[in-house]
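Structure assessment
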Amino acid sequence: MKAIIAATISGVILMFAGILVKEKKNAVTLAVILLLALLGVNIYEVVSTPAAAPQAFFNNMLRIDRYAVWFNTLLTGCTLLYVLLIGKEIAKVGSHVAEYFALICFILCGLYILSGYNNMLMLFLGIEIISIPQYILAGSDKKNLKSSEASLKYFLMGAFSTGILLMGITLLYGATGSFYITNFTFLQADSLNVLALAGIILVMIALSFKVSAAPFHMWTPDVYDGAPTAFTAFMATVAKAAAFIAFLRLFQVAFGSLSNSWTLVLSVITAATLFVGNITAVFQQSVKRMLAYSSIAQAGFMLFAVISVNAIAWQGIIIYAVAYSVATIGIFAVLLKLKDYTYDGFNGLAQKEPTLAFVATIFLLSLAGIPLTGGFMAKYYVLSAAMQQGHLMWLVIFALLMAAISVYYYFRVIIAMYFKPGNPELNSPVTQTDKFLLILTCAIVLLIGIFPQLFLSV
Amino acid sequence: MYEVLFWFLTIMAIGCALGVILSRNPVNSVLFLIATFFAISGHYLLLNAQFLAVVNIIVYAGAIMVLFLFVMMLMNLNADVEPQKSRLAQLAGMIAGGVLFLVILAALRTASLSVLDKQSNDIGLIKNLGKVLFTQYVLPFEISSVLFLSAIIGAVVISRKEEVHSTVADGSVNTSDIK
Amino acid sequence: MLLMQINTAFIIEKVILISVILMGSLGVAMYATWAERKVAAIMQDRIGPNRAGPFGLFQPLADGLKLFFKEEIIPDRSTRFLFILGPCLAMLTACMTSTVVPWGPDYVTSAGRVISLQVADINIGILFVFGVVSLGVYGIMLGGWASNNKFSLLSSIRAASQAISYELAMGISLIALLMMTGSLSLRDIVSQQHGFWDGHWFTWNVFKQPLGFIIFLICSFAELNRAPFDLPEAESELNMGYHQEYSSMKLGFYLFAEYINLFVSSAIIITLFWGGYNFPFMDKVAGGVSPLLFTIVCVLVLLTKVIMMILFFMFIRWTLPRFRYDQLMRLGWKSLIPLALVNMLITGGVILWVLK
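In what follows, the accompanying structure is described. Bear in mind that the values here come from a model prediction, so they are computed numbers and not experimental data. (Residues numbered from 1 in each chain as written. Chains lettered and ligands numbered in written order. Predicted model: local features only at pLDDT ≥ 70, side-chain atom pairs only at ≥ 80, totals over all residues.)

**Quick look at the overall build of chain A**
Within chain A one finds 19 helices and two strands. A globule of 458 residues ought to have a C-alpha radius of gyration of about 23 Å, and chain A, at 21 Å, matches this closely. Overall size of chain A, expressed as C-alpha extent along the three principal axes, is 65 × 55 × 40 Å. Every one of the 458 residues in chain A was classed for burial, and the buried ones make up 63%. By sequence separation, contacts in chain A at least 24 residues apart represent 80% of the contacts at least 6 residues apart. (Helix = DSSP H or I, 4+ residues; strand = E, 2+ residues; numbered from the N terminus. Rg over C-alpha atoms; globule rule 2.2 N^0.38 Å. Buried ≥ 20, exposed ≤ 12 C-beta atoms within 10 Å, placed from the backbone. Contact = placed C-beta atoms within 7 Å.)

**Here's the deal with the packing of helix α5 (residues 120-138) of chain A against helix α6 (residues 145-176) of chain A**
Axis angle and axis distance: for two packed helices, these are the angle between their axes and the distance between the axes, and together they describe the pair. Residues and elements named next belong to chain A. Two elements in contact, α5 and α6, have axes whose closest approach is 9 Å; the angle formed by their N-to-C orientations is 175 degrees. Judged by the inter-axis angle, α5 sits roughly antiparallel to α6. Contacts between α5 and α6 involve Met120, Phe124, Ile127, Glu128, Ser131, Gln134, Tyr135 and Ala138 on the former and, on the latter, Ser147, Ala150, Ser151, Tyr154, Phe155, Gly158, Thr162, Leu165, Leu166, Ile169 and Leu172. When its residues are assigned to classes, the contact of α5 with α6 shows 12 nonpolar, six polar and one charged. (Axes fitted to C-alpha atoms, helices over the stretch in contact; angles between N-to-C directions. Parallel < 35°, antiparallel > 145°, perpendicular 65-115°, else oblique. Nonpolar A, V, L, I, M, F, W, Y, C, P; charged D, E, K, R; others polar.)

**Things to note about the interface of chain B and chain C**
With 16 residues of chain B at the contact, the number on the chain C side is 18 residues. It is helix α3 (residues 50-75) of chain B that provides the largest number of residues to the side of chain B that touches chain C, a total of 12 residues. Looking at the side of chain B that touches chain C residue by residue, the class counts come to 14 nonpolar, two polar and no charged.

**Remarks on unusual backbone geometry**
Of note, the amide linkage connecting alanine 214 of chain A to proline 215 of chain A takes the cis form, showing an omega dihedral of 0 degrees. The backbone phi angle of leucine 372 of chain A is positive, close to 80 degrees, even though this residue is not glycine. On the secondary structure map, leucine 372 of chain A appears in the loop between α15 (354-368) and α16 (374-389). The class for leucine 372 of chain A is partly exposed, based on 14 C-beta atoms found within 10 Å. You will see that phenylalanine 55 of chain C, though not glycine, has its phi angle at about 55 degrees, which is positive. Structurally, the position occupied by phenylalanine 55 of chain C is in the loop between α1 (8-43) and α2 (59-69).

**Notes on the interface of chain B and chain A**
Each partner contributes to the interface: chain B provides 32 residues, whereas chain A provides 40 residues. Among the secondary structure elements, those contributing two or more residues to the side of chain B that touches chain A are α4 (87-110), α6 (138-159) and α7 (165-178) of chain B. With 14 residues, the single largest contributor to the side of chain B that touches chain A is α6 of chain B.

**Looking at α3 of chain B**
For α3 of chain B, which comprises 26 residues, the first-to-last C-alpha distance of 35 Å matches the rise-based estimate of 38 Å (1.5 Å per residue) to within 8%. Roughly 35 degrees is the biggest bend found in α3 of chain B, and it falls at methionine 65 of chain B. (Expected span 1.5 Å × (residues − 1). Bend = angle between axes of the 7 residues up to and from the residue.)

Shape descriptors only; they carry no functional weight alone.
What follows is the structure, encoded as structure tokens:
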């Protein structure tokens, strides 16, 4: 709860900093300081939240447990890393730098709500709080037509999916008479309530849209490609993880006992997401667009955590969210250094900037799920959660197949960097600080891969 | 009397909602939508939620739809510029929509209305609404301010002109992006 | 609920009341046009209308007759239905607001029947007024757009943005007032302003909410499209405004609706801030005269106040020059809204710490 307040206050401070702070650099510094403070608040929350029972706030609107605050802490850490790595690029997007950071703080506020909500109203508010800033961030490069298109597309489709979410919530309320996810009375009812099922499907569709699962993924490539790269990195990682924790929470806590009725639908969505994401990513010519499709593919893996109603799923999502976020932020940081986003733009990067090429390789390996990197452990956890369910073997095998395909397009970048001659143009020189931060990010990726327990111990 | 009003408002709401999507002229669509809001406000009145009814009219019909109309009038849209979807897409949409309609219809047919709480009839009165809003629902009420704040910031970020000197600096980046 | 209480006497009573109010507002609006011209004439050192009847008193009738007999022209390229709907909506919304105004105290007949001089006492009275006023802009927008004339369109867009911008400040200034009254019903608000002096302070809200009153008044000018905010009708820029293509009685409706709005808005300002039908020493008067006479006196007091308010509106119109559009927007968004918010905060603080 303190984190929510702190995130809001940080956002408001940054908003006013937009008037007072003229120098773009200072805005970035201020954002880093505030995010550090936010991280501090989160760590304090981890320490002060009792491990046993969740704490209820405000008539049970929020039920925040140790797990939720730990998730928040890790993702706040990811955000901090993101701002440290990419902050300079954010400052180049437009003239409202402080406002962009304010919006990022609001997204964090939405994340904190989504990791601990206990009421459908809070779910709705949280989803909207992470969505609206994203619409704006997508369109922040106003002189670029593609950015405006991305923003408008995202906004229209997002508004539509919010409408579906609301309809689902309405039907669920009609079926159960409650907004509290822990009080849904169909948990006890013997007969299957069609009204509730229709509600669950609608909510599932809306949340699938927010996490860009197929067939509701249509917006993702255009938005991630059109949005300023600096913001794509955030939208594809932390904001997506926030939507996922909401998805997971709802389907485990509220609909867990009904899992028989929705597992099949969600498995089909998962399979479709994996298929569409991986196969389409193969055909992309631009690395940025490839990463957009790969984020769809990764969402397919994260959906495994939602499908499997067990304790490993909770651990899986935390590991997956962090490993995927860190690696993606890292690869976007590398991408932002380059002028040309096509595969050819990476040609010969290893000769020109060996450090950059090396860290990019580690990030890509992690995304592909090669052992010793975070991505491997993440995939291991979510897939073993599904294995434990028993009847999802076919899906797991399909996922492994798709993971093998994903190796192809991730390795294309590595091959371009190491084995193809060329002289890539850089946007800005790679400074010592950049190198240090990238290697630190790299170390985190490896740390997750080798000692995943570190990130699970709460 | 109550029944008559209910059915009148329901038919008006559904009819006008259909009018929104069926009319060719966007301005007519907007006007139908306004009429739909009126019908819904009427329903609120029947449920004794006067505050909600009037706020619905003030906010939606009085402000948001005026802005909508505003945009429609300035864009001068008409039926000719409306993009035409292919037959196949239309058919697919029709089937998908029809199936959803059937499912929801089936859901509503079997639904028991036991959860309807008939006792708290005065919840829509402004005093009770205010009390509920500031006690039971105080957190969503306050948190929604974050939502609005981010929307306001968004409006400022999107609508304010960028300073001139940054145009030159960013120009080169944009061209490479488009390429 | 409400539907149960309906009986014949009630219906007759209300029908009479509604007719009287409607006729009254039409009559006042009619003579407001005359008064406007007279006031303008006096302020500009002219004579004004003086041909039709004594002091030109039949002038409004002559004007109305003229409008009726004018040829009715519907432009060829206009959207016919909306073109006709525009003035109808303007007139409708203008007439609707008067329903919640309490025109006088309850009159108790000798048989013990209570006759309320208010058409409908809904507990969200003031919000109803807001709802109707916010719809009033549709009349202008639709008419302006349907005319298919760029000046009309520009004018209607001006009207709409002006109305929306000033509605915010108006609403916030009203919230401060409602925090003091604790009720949205105009009937309650008026009865709280009983008399003039309650032993500690003036009872009229204008003395409790002076800043709120000023903001509300300025916003009323903008909502009514009256000078100095009459940009939708800025002849020098827009030829004539949103009703450029209108002729005959449709034009008459627009012009007339404006004056009805003027009358009703004045009535509402008086009701909210200037004590409605209350006047000093009213208790003594009530003790001295028959109930019927007292009711009539109260209604007359209200009408006097309203007419003074209308005259004030007219004086302003003929005194101040018109704002420029950006000035108008700046005043609305950057001055009035923050001011109204500050007023709300101060009111909240006073209620919380001083009045407790």
